Amino acid sequence: MNKRINHKLLTAIVALLAALPMAVGASAALTAQQVAQKAAAVIAGAKGLSAGFVATGSGVTSKGTINGSGTKFSVITPQVSIWYNGKSLYTYNPRTSETTITTPDAQELLESNPLLYVKGGVSGYTCTYSATRQKGKYVVDLTPRNKRSGIKKMTFTVNASDFHINKIVVVGSGGTTTVNVTSFKTGVAFPASVFEYPKARYPKAEIIDLR
């Protein structure tokens, strides 16, 4: 009798252990939407963020840096430099030596700072895993629910270990822009001056105030 009981108990334990990896895998697996949300949370929750990037679009390649804290950010590239202090957007064009000041809308901010595409999360998008696979990374496609959106599709490549963004591809009506993130650091403390237009640095720049 005891042998029969022990045999049944052993069988039950073996069956339970065999099922455990499946159960753990099922609970640990993330949906594409959850991956995009976690990548957004990293950026939204960062007190200070600094990233290096290489952006390619419309036949132009730009290498630069993005610094951000809360709603404020600065983007510095050889072709254009941008500062947003939470209210006004300053755009300096070294080719024309002009600085344009605007009160930007949400779309203008997106066009100025590619990380804002990620920070916006999944609101208004349908998320699916891409057919592209990369070891140690999640690749997520985001398709806008609003068919009239200027964006046709976005693709995020995200580190599986820390959910830091590696790559952003935005397919719009005007073409495709690819942003490769070359460095990514959070917890950076910035002085307020980082997000203010450095007027003294460009004393000869023509100011065009469109506010």
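I will try to describe carefully the structure that is included in this document. (Residues numbered from 1 in each chain as written. Predicted model: local features only at pLDDT ≥ 70, side-chain atom pairs only at ≥ 80, totals over all residues. Heavy atoms only, no water.)

## Quick look at helix 2 (residues 32-45)
Taking 1.5 Å per residue, 14 residues should reach 20 Å; helix 2 reaches 20 Å between its end C-alpha atoms and fits that length. Among the structural elements, strand 1 (49-57), helix 4 (115-119), strand 7 (125-129), strand 8 (137-144), strand 9 (151-159) and strand 11 (175-186) are those in contact with the buried residues of helix 2. (Helix = DSSP H or I, 4+ residues; strand = E, 2+ residues; numbered from the N terminus. Expected span 1.5 Å × (residues − 1). Contact = heavy atoms within 4.5 Å.)

## Quick notes on the sheet that holds strand 4 (residues 81-84)
If you walk across this open sheet you meet the twelve strands as 7-8-9-10-11-1-2-3-4-5-6-12, and the pairing is mixed. Two strands close off the open sheet at either side, each with one partner strand: strand 7 and strand 12 (206-209). Looking at each pair of strands side by side, their axes are set apart by 20° on average, direction ignored. Relative to strand 11, strand 10 (residues 165-172) runs antiparallel, the two being bridged by six bridges. Looking at the pairing, G172 lines up with G175 of strand 11. Against the sheet, helix 2 engages strand 1, strand 7, strand 8, strand 9 and strand 11, with an angle of about 110° to strand 7. (Pairing = 2+ DSSP bridges. Axes fitted to C-alpha atoms, helices over the stretch in contact; angles between N-to-C directions.)

## What about the packing of aromatic side chains?
In this structure the tally under the stated criterion is nine aromatic pairs. Consider the rings of F73 and Y84, whose centres lie 5.5 Å apart with planes at 40°: the pair is tilted. Note that F73 is positioned in strand 3 (residues 72-76) and Y84 in strand 4, a separation of eleven residues in sequence. Taking relative accessible area as the criterion, F73 reaches 2% and is therefore assigned buried. Residue classification places Y84 among the buried positions, given a relative accessible area of 9%. Ring centres of W83 and Y197 lie 5.4 Å apart, and the angle between their planes is 75°; on these two criteria the pair is classed as edge-to-face. Linking W83 in strand 4 with Y197 in the loop between strand 11 and strand 12, this pair joins segments that are 114 residues apart in sequence. With a relative accessible area of 3%, W83 lands in the buried category. (Phe/Tyr/Trp six-rings, centres within 6.5 Å; stacked < 30°, edge-to-face > 60°. Buried < 20%, exposed > 50% of the residue type's maximum accessible area, 1.4 Å probe, protein only.)

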